[in-house]
Structure formats: structure tokens, C-alpha cells
Amino acid sequence: MEQQTKAMLSIEDLMIWYKTYRGYAKVVDGISLEVFPGEKVGLVGESGCGKTTTMKAIMQTLPADIIHVPQGEIWFEGQNVLTMTKEQLLKMRRTGVSMISQSPLSALNPVFTVGEQLMDIIKYSGQYSKANKKEMREVALEAISSVMLPDPERIMNSHPHQLSGGMRQRICIAAALVTPKHLLIADEPCSALDVTIQDQIHRMLRVLVEEKQRALVMITHSLGVARELVDRIFIMYGGTIVESCYISDLFSNPSHPYTVGLLECVPRLTGGGLSTGIYGYVPDYINPPKGCRFCPRCSKAMDICREQKPSPVEIAPGHHVACFLYGDRAQEKEAQNKTDYKAHGEGG
Amino acid sequence: MSNEILRLDNLKLHFDIGKNTSVKAVDGVNLTVNECEVMGLVGESGSGKSTIAYTLMGMYQQTGGDIIFDGQALERKKPRSKSFRRDVQIVFQDPGSSLNPHQSVKEILSLPLKVHKIVPKNQIEDKILEILEMVELPPDFMYKSPNSIGGGERQLVSIARALCSNPKFIILDEPTSSLDVSIQAKILNMLMKLQKEKRLTYIFITHDMGVMRNVSTNIAIMYLGKICEIATTRVFYESPLHPYTQMLLSAIPVISEEEEALKSKRIRSEGEIPSSVNVPSGCSFHTRCVFKSDICMKVDPEMKEVGPGHFVRCHMH
Amino acid sequence: MIGVTQEATAIAKKKGWLSPSTKENFRIYKYKFTRNRLSVFGLALVAISLFFAFFALQIVPFPEHIGAFVDHANANNPPSAVHWFGTDNVGRDVFSRVIYCFRGALLMSIVVLAISVPVGTVLGLIAGYNHGRPVDTVIMRITDVFLSIPALILALSIASILTPNMMNSMLAVTIMWWPWYTRLVYTQSSSVAKEYFVRNAELIGASKFHIIIKEILPNCFSPIFTKMALDVGWVLLMGAALSFVGLGEQPPIPAFGQMIADGSRLMPQNWWLTLFPALGIAFMILGFNFLGDGLRDMFDKGGH
């Protein structure tokens, strides 16, 4: 029971800075998140909010020469990823975490057949004895048919460029799921694909992840995709997590002003016109706002938002919001808000 | 109709790629666009929606059929006339590649002003400022390079460039598909505001059905170089008839129950769009259609009018 | 509305806005260039080479030793405090002569590139923009013919048909150098021509001249500059090869290849006659190669 509730992946107050010619770009600014075994988690945010950087940090695939991690820890199955030796890291990549990248074209090597690449992955996972080629081949064939690709034998012997984008991404998923790794990180796996293919792959991914009891971290910019795929969601803005909750809470009770704005921006199939969008642009990471990073764009910003960083407040079970509108200071804020509103009303 | 501005009459564009094989990128498209209308063109990649736009602009020579713009058929062999180049503009999808990274915004915007002699040379700077104001960009953008501004701002500069020559008709080729939703909303609003103010006609190409619902007046849906269904926006979303339309709608990730209700319960997305080199016989959609019967594999259905302004190309209707 | 515009014009016309972005770009370039210490080292070597070339006569200890000069008493001296690089078989100071060689080598590189780069670039631009049309085929096939002949052999034959002197060796190297730029610019410009901003300029109805010069050419600068910096080294190597076989600068004016050729006859006893001119060549080539690498990093789009 103890084991069950323990998070398999936990990030604690992680900061990641990039070296640039102007100084450090503080791209990830103290994020904390937890992923439990068998859970499907979504990391949602707009481009440049640090979601891919965070996930690359877990895999330790960031370019080491321009990275600076001033604070924070990443724990994966009881080990701190940031202090791992090379061997431990290699072991984690081979047996612990798998990743599906955004571009299925560059994820596969064009000079080897799909079969050869799958076999390599199976070989390095160390689950099968090296001599047992036949068995590994069986496993690879099974993996290809599990992602609903017709004629696995033919696909094993084809090169990536002979397959369509959708088929390639299916192969990437097969490769990610072929070995019994515990955590699957999917970085916008379908953003380059057509909507009908995207739908099929998402449905399949969901079934496979549930079937194999993997934990899934889905990185996406689409709230719709998150709604269909994940149980719990983290909304990222400007290198911070602004809201985290169960997926149903997000749509019934969005709380952070950014989340609310983001939801309004999504054009609906039912019509109802366009929203005006969120005012302003993503912050400059080299000189970020001193307090809450969203406050220059926030319509409800208060004085305190410009001065201090908000810490997450639990407003309902499992629903955390990093905003001064909530928590201990909420009432205080409300009063201030009202006066603000009044002032505005009189002014206008 | 009296106020029709563009008509495509059985437009065909085939690329020869070897002996006796050709890609039928556009294969017999009939489409009418009226003034001040936003015609949405939806389809998956490889459906030929962008090819139609490029053919209209004269980047490709059509294999057959006619393009009638403003009551005049465009000549097939000749380059487009100067007045056409002024009246019709295009905004491309990729804001990274549509602005020259080695020019300032001022240089970029002054090209159409110079070529079409919109204003005398000494007033170019003022005109640029006026256009920047139109798209709500601050005046200091004049001296910025496209590399130093964000994707949304770049797309605004592209739109500003299209507005320079006071066009009547703008083709928007996926103008927001590479942008974030919060910026997308801003750009779409801007486009719709300009459309109303300047009485522009748009062809709006996108694969995003959510965007389409909120911007277009009419929608045409394309599959493998052919149009399968044309309808006004409301009809299109509330009672889609073609199985492909229904499949597309069902595939969209949505964020509310009301939207979920619009999706077809019977159809789920299956299969992939076939290569346009080997277009399936009969109805080209039959390989992915759940309702297919024998006739679909043999006979290509004709376009039928099933309601006012609602056309479907399907044997079931 | 008009009032707003005029006000905005007044603000925008202040040149103030131009400089920050230019300064910014300059800072980015400087950061990218200096990130690799070797490029700074290369820049220093190049600066020293330039200094030697310009002020050779002023800085060398024995300027009169550069030309025809005979001092049999001091012939064949090994390196010493007076003659740092020793003296040759007629008693001339090798150090003075090596420093003077920088001038000829640099002059050769500059002249060759100054002619072959514009010619190659223009042809490459025309071929690249008209990708797939007959003019492309004609230009590129001629280029291919030149590229298919081994460069050194072509230069050797041209230089040997003509009178052997500095001018003709430059001419020979120039004739075989431009096709590389045509190739380079062709590849770059035909890919730039596919970009949407070029298509847009075409659709607007801009002239071909505008499209080639204003839209495409600026996007070809960075590979051209990088290749130029790397090529200075190669051209002077080629020049040294020509002068080694006696087809470059004629005695008594010294040149690297000629000095090495003369010295090699007295190897290995009088090693300094060969070693120091060779080091001179290495000095320049290293400098320009490191500089070229630095320029490549500088123009590289990625990175911070």
C-alpha cells in the first residue's frame, strides 16, 4: 500500500537556466510535480513555457554546456536524476523512461529499417538474451501489430521514409512501449499530423497505456487533447505551474486567471464568436517579472502580484492554484478587488 | 449571383510525375465566392486546398477549367495582370518563412507600396505607419527585424503587407496554425475586424474546424482534390451529411459537453488519406467510409444540392 | 487619426530606434564569435598577418635583403640573435624575407577572391533563382566542367602557358576559383528561392532584379563570408604551390613556395631555409581557418 501511493516521478522546486549572451534565461522557475504509477498526467502550456525543457531535464538530454540548474531535485523511482552517474542514467534511459518526440521524421534513423531499430531497443533493454534473435523478432512484430499497423512483416523490413507520418508516429509509440518501462513521456506526439490521424493515435495511446499500466506524461498545448487523454493536468505558464488539478475540475472550475483566459481562447465548435485572446506576450525570461510571472498580462493583477511569487494553494482536494486570489489572503484580496473595481467604475 | 467575386469552374491541376502518371492535386473543383464572404476551405494535408490558392495566385498553371475573378476569366498562359496582383493578396502559413529575415519591417512593407505605386515615394513612411496602426502594431516596429519579434507579431506584419495594396480579396493560407491559442484569438479577431471594416472577401484555408466555425460564412470541405460538401457554416456543423465531414468533426479534441454533442456517435476516424498518385476508384473516400456500398467503389458520385446552398458529393444523398 | 499618425511619424523618424537593434545584433554576433576561443586566436593571427603585410618594409631588420642582395661572408648562417631565422646561401636574412612573403600571399588571396567571389556569386544567383530552367542548366554545366578538372593541374597549365609571374598565377587561380562560389550560392539561393517571402515578392509583382538582389542575396551572405575566410588560406596554399614550381613571383622577390623550393635543395643541413617559410604559410592558413570557423559559428542561426 505504501508503495502504491509513492510517486514514481517527483520534481521538487526545479529551476533551469539557459546561458545566453545577455545573461541567464530563467526558463524553468521552481516547478514541482508528481506522477504516480499508472497515472496519466498532462503538462499543458503554450510554446516557450518550459514544458519540453522540464521533460528533457528528466531524461537529462539538455545541452549540458549551456544549462545551469541552481536548485531543485528530480526523483525517479527513488533516485535523484540530477546526481546520477553515467551508468545509472544509461540504465534509467534503457529501462525506466521512454519518450515519444514531436517529430516522427527525425526520431527514426533513415538508414536503418524499422525492424532493426526496434530490435536494437529490445536488445538494449536487457530483457532478452542477446542470442535469442528469434524471440526478439517476435516481440517486435507483436509491438507493431499492437499499434494497429497492417502487415507487420512488411513494415519490419521497410525504411522510415517508406511510411507515412502517422505510421512513423505509430512506430515510435511501438518502440516506446515495446520494453517494460514504467514511464512514458509523450512530447506533443501528434502536433505534426492530421486531425483524423491524431484522433486515432490518441485513442490507441490511451488504450495501450492503460493496458500496459504505464504512467504517461503528455506534453501538449491543446486543452482538448488533454481532456481526452489524461487524468490530472498541470497548466504551465512562463516556467511556473499555475494550476494543477483533476481534469474534470479544470473545465468545471478553472481558477487561475491564465487558465480561464486559455479556456476562453479555444475556438468552440458550437460557435459563439471569438475571444479577444490574452493581452500581451510571454515574458522575457532574462528579465522576468519580479512577482507572479503572469501578472503583466493578468486583468486581476494586484500590488502583491508584482512583488511576490505566489505559492500553490489547495482550493479543493487535489486542486492547486498558484495565485494570490486564493488561499489565506483571498479575503483581503477580495476587499481590495472591490475597491479596485469601484475605482475603475468611477473612473470609467 | 450578382455580387459574385470569384468562381472556379471545373478547375483541374495535375502534376505529371512520369510516364502516364500524374498527381491530381485539384480535380474538378467548382466553387463560388461572393463579395464580403469568408469562404472556409477545410481538408487534411494532401487534399489540395493550398494548391487551389496557389493556382488562383498564378503560381501554378491550371490543367483545365476556368478561374473567373470579378467577372473576367483569368488567362491561363499569361502571368496575372497588375490589377489582379493588387486586388488579390495572400497570407502564408509560416510566419518564419514569409518575411525576409534580412529586411526591416519597413522594407518589407514598402515593397508592395512601391511596386503598385500606392502612394508617392515621400509618403511611404506615413503610409506604413498608418498600416501598422491598422493592425495595432506600435510604430517602432518599422525598424525591427522579423527575427526579433514573436510569431504572432510576424503574422500581423504579413497581414499588414497584404493590406498595403488595398486589396478586395485575401487568401489566408492557415494563418494561425503555427501560433498559440491566446495569440491565435488575437489574430483572428484582427482579421475579422478588418474584413468588416474594409469589406474584404476571404478564402480562409485551415484544418482547424473550431476556428472555421467562428470565422467563416460558408465552408467547403476537400478530400483528395475534390470538394465533398459545401454548406453555410451553421448547417455544416449542425447537420453535416458527408461521411468525411462527420469523421473530421468526430476527430476534433473539444473542451465541453455541448461540443461533444455535435460529434457523430456512429463514425470514428479510420485509416489514412490515400496517396494522390493512386486515387481510389469510384468515390475517393470509400476506403475509409463506414457506409460504403458497391456503387461507391465503381461510380464517382456527382455533386447534388440537398438544401439551399448545401451541396454534397455522396451516393447516400 | 491623422494627428496620431503624424505624431507617430515624428517619433518613428528619430533614428534612435535603429541603433538599439543594430547594437543588439552586434552583441549577439560578438557573443557567438568569442564563445570559441580558437576563433579569437584566429582573428589575432589574421590581424598579425595583415600587420606584416602592410608594414613589412618598416618592421623587418634588413629591408635591403628582400631583393637582390649578396653578402657571402654571412651566407648559410643558422638562426642567431642577429638573423632570427638564419641566412640563405647568398647571405640574405630569412626573417626579413619571410615577413615580406606575407604581402604577396595576402595580395594574391585578396585579388583572387575579389574577382572570383562576385563573378561566382552573380552566376550562382542567376542559376539558383531560375532553378530548373535552361539558364540554370547552362550555367551549372559550365561550372561542373570547371569543377571536374583538378584545380592545381588547371592552374599549373594556365600559368605555364602564360609568362610565369605573379599576375598570371593570380589569373590562373582566379579562373579555377569562381566555380566553387557558383556552386555554393546556387545551393543556397535555390533553397532561399523556395521561401515564402520570395514567392510573396513575386506575387506582389516585384522585378527580378529586386528579388535577386534584395530578397535572395542578403540571405546568401553568411555562407559566402564564411567560405571566403576559409578560402584565403586555400588560395595562398595554391599560390605557394605555383610558386614552388616556379610559376609565381619571380626571384629575387621572395615568395613562400619559391623559398621552400630553394631551401629544399639544401636540406637537411640548412633546415631553417625550408622550415620558416613553411611555418609562415601555416601561420596564415591556421589564422584564416580559425577565423572562418568563428564566422560560421557567428552566422549560425541556432544557439544562444
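Look above for the structure.
One structure accompanies this document, and this report is about it. Every chain is numbered independently, its residues counted from 1 as its sequence is written. For this description, chains carry letters from A and ligands carry numbers from 1, given in the order in which they are written. Note on the predicted model: pLDDT of at least 70 is required for a residue's local features to be given, and 80 or more for side-chain atom pairs to be given and counted; whole-chain, interface and lining totals, by contrast, use all residues.

Within chain B one finds eleven helices and twelve strands. With C-alpha atoms as the basis for the radius of gyration, the globule rule is written as 2.2 Å multiplied by the number of residues raised to the power 0.38. For 317 residues, the compact-globule formula gives about 20 Å, and the C-alpha radius of gyration of chain B, at 20 Å, lands near that figure. Oriented by its inertia axes, the alpha-carbon framework of chain B measures out at about 70 × 50 × 40 Å. Once C-beta atoms are placed from the backbone, any two residues with those atoms within 7 Å are in contact. Of the contacts formed within chain B by residues at least 6 apart in sequence, a portion of 63% connects residues at least 24 apart. Strands are runs of DSSP state E lasting at least 2 residues, helices are runs of H or I lasting at least 4, and numbering of each runs from the N terminus.

Broken down by element type, chain A carries 14 helices and 13 strands. Relative to its length of 348 residues, chain A is compact, with a C-alpha radius of gyration of 22 Å against a globular reference of 20 Å. In terms of overall dimensions, chain A has C-alpha extents of about 80 × 50 × 50 Å along its principal axes. Whether a residue is buried, exposed or partly exposed is read from the other C-beta atoms within 10 Å of its own C-beta, which are placed from the backbone; 20 or more gives buried, 12 or fewer gives exposed, and intermediate counts give partly exposed. With 348 residues in all, chain A has 42% of them scored as buried.

Let's shift gears to the interface of chain A and chain B. Across the boundary between the two partners, chain A contributes 36 residues, which contact 32 residues of chain B. When residues of the side of chain A that touches chain B are assigned to their parent elements, the largest contribution, six residues, is made by helix α9 (residues 195-212) of chain A. Here the term charged refers only to Asp, Glu, Lys and Arg, the term nonpolar to Ala, Val, Leu, Ile, Met, Phe, Trp, Tyr, Cys and Pro, and the term polar to all other amino acids, Gly among them. Here the side of chain A that touches chain B is composed, by residue class, of 14 nonpolar, 16 polar and six charged.

Residues and elements named next belong to chain A. By the bridge criterion, ten bridges tie strand β1 (residues 9-20) to strand β2 (residues 23-35) in an arrangement that is antiparallel. Bridging across to β2, T20 finds its partner in G23. Taking the residues between adjacent antiparallel strands as the criterion, β1 and β2 are bridged by two residues. A pair of strands is treated as paired once DSSP finds two or more bridges between them.

Right, let's talk about the interface of chain C and chain B for a bit. Every contact between the two is made by 21 residues of chain C and, on the other side, 27 residues of chain B. Among the elements of the structure, α1 (2-13), α2 (18-34) and α8 (196-204) of chain C are those that each provide at least two residues to the side of chain C that touches chain B. Top element by residues in the side of chain C that touches chain B is α8(C). It accounts for seven residues. For the side of chain C that touches chain B, the residue count by class is twelve nonpolar, six polar and three charged.

Another aspect to go through is the sheet that holds strand β1 (residues 4-16) of chain B. In a beta sheet, neighbouring strands pair by backbone hydrogen bonds and run either parallel or antiparallel. Residue and element names in this part refer to chain B. Here we have four strands laid out as an open sheet, ordered β2-β1-β4-β5, and antiparallel in their pairing. Every other strand in the sheet has two partners, leaving β2 (22-34) and β5 (72-73) as the edge strands with one partner each. Contacts between helix α1 (residues 49-57) and the sheet are confined to β1, β2 and β4 (64-69), with β2 contributing the most and set at about 75° to the helix. A fitted line through C-alpha atoms serves as each axis, taken over the contacting stretch for helices, and the angle formed by two N-to-C directions is quoted from 0 to 180°.

Before going further, it helps to examine the pairing of β2(B). Residue and element names in this part refer to chain B. Relative to β2, β1 runs antiparallel, the two being bridged by ten bridges. By the bridge assignment, F15 is partnered in β2 with V23. Taken together, β1 and the strand that follows it, β2, pair antiparallel across an intervening segment of five residues, in which G18 is found at a positive phi of about 150°.

Now for the packing of helix α4 (residues 94-129) of chain C against helix α5 (residues 134-148) of chain C. Residue and element names in this part refer to chain C. Contact geometry of α4 with α5 gives a least axis separation of 8 Å together with a crossing angle of 140°. Classified by chirality, the crossing of α5 by α4 is left-handed. Each of L123, I126 and A127 in α4 lies in contact with α5, whose residues at this interface are V135, D136, I139 and M140. Considering only residue class, the contact of α4 with α5 consists of six nonpolar, no polar and one charged. Left-handed is the label given to a crossing in which the near helix is rotated counterclockwise from the far helix by less than a right angle, and right-handed is the label when the rotation is clockwise.

This paragraph deals with helix α7 (residues 166-192) of chain C. Multiplying one less than the number of residues by 1.5 Å gives the expected span of a helix. Given a rise of 1.5 Å per residue, 27 residues ought to cover 39 Å, and the 38 Å separating the end C-alpha atoms of α7(C) matches this to within 8%. The angle separating two fitted axes, one through the seven residues that finish at a residue and one through the seven that start at it, defines the bend at that residue. Along its length, α7(C) shows its largest kink, about 30°, at I175(C), and proline P179(C) lies within four residues downstream of that point.

Our next topic: the packing of α5(C) against α7(C). Helices that pack against each other are described as a pair by the angle of their axes relative to one another and the distance between those axes. Residue and element names in this part refer to chain C. Direction vectors running N to C along α5 and α7 enclose 135°, while the axes themselves pass 9 Å from each other. In terms of their interaxial angle, α5 and α7 are classed as oblique. Crossing handedness for the pair α5 and α7: left-handed. Facing α5, whose interface residues are I139, M140, T143, F146 and L147, α7 presents M176, P179, T182, R183 and Y186. Within the contact of α5 with α7, the residues separate by chemical class into seven nonpolar, two polar and one charged. Oblique is the label for any angle not under 35 degrees, not over 145, and not in the 65 to 115 range, which are roughly parallel, roughly antiparallel and roughly perpendicular in turn.

Right, let's talk about the sheet that holds strand β12 (residues 313-316) of chain A for a bit. All names here are of chain A. The strand order β7-β8-β9-β3-β10-β11-β13-β12 describes an open sheet built from eight strands, whose pairing is mixed. Two strands close off the open sheet at either side, each with one partner strand: β7 (97-100) and β12. Pairwise comparison of adjacent strand axes, ignoring direction, gives a mean angle of 20° for this sheet. Taken together, the six bridges between strand β10 (residues 232-237) and strand β11 (residues 240-246) define a ladder with antiparallel strand orientation. Residue pairing in the sheet places R232 in a bridge with Y246 of β11.

Here we come to the environment of S239(B). Assignment of secondary structure puts S239(B) in the loop between α8 (233-238) and α9 (243-251). Placed 25 residues apart in sequence, S239(B) and S264(B) show a C-alpha to C-alpha distance of 10.0 Å.

A few words on unusual backbone geometry. In this model, E188(A) sits at a positive phi of 40°, which is unusual for a non-glycine residue. Positionally, E188(A) belongs in the loop between β8 (183-187) and α9. Positive phi, close to 50°, is recorded for K117(B), a residue that is not glycine. Position of K117(B) relative to the elements: it lies in the loop between α3 (105-115) and α4 (124-134). Judged by C-beta crowding, with 10 C-beta atoms within 10 Å, K117(B) ranks as exposed.

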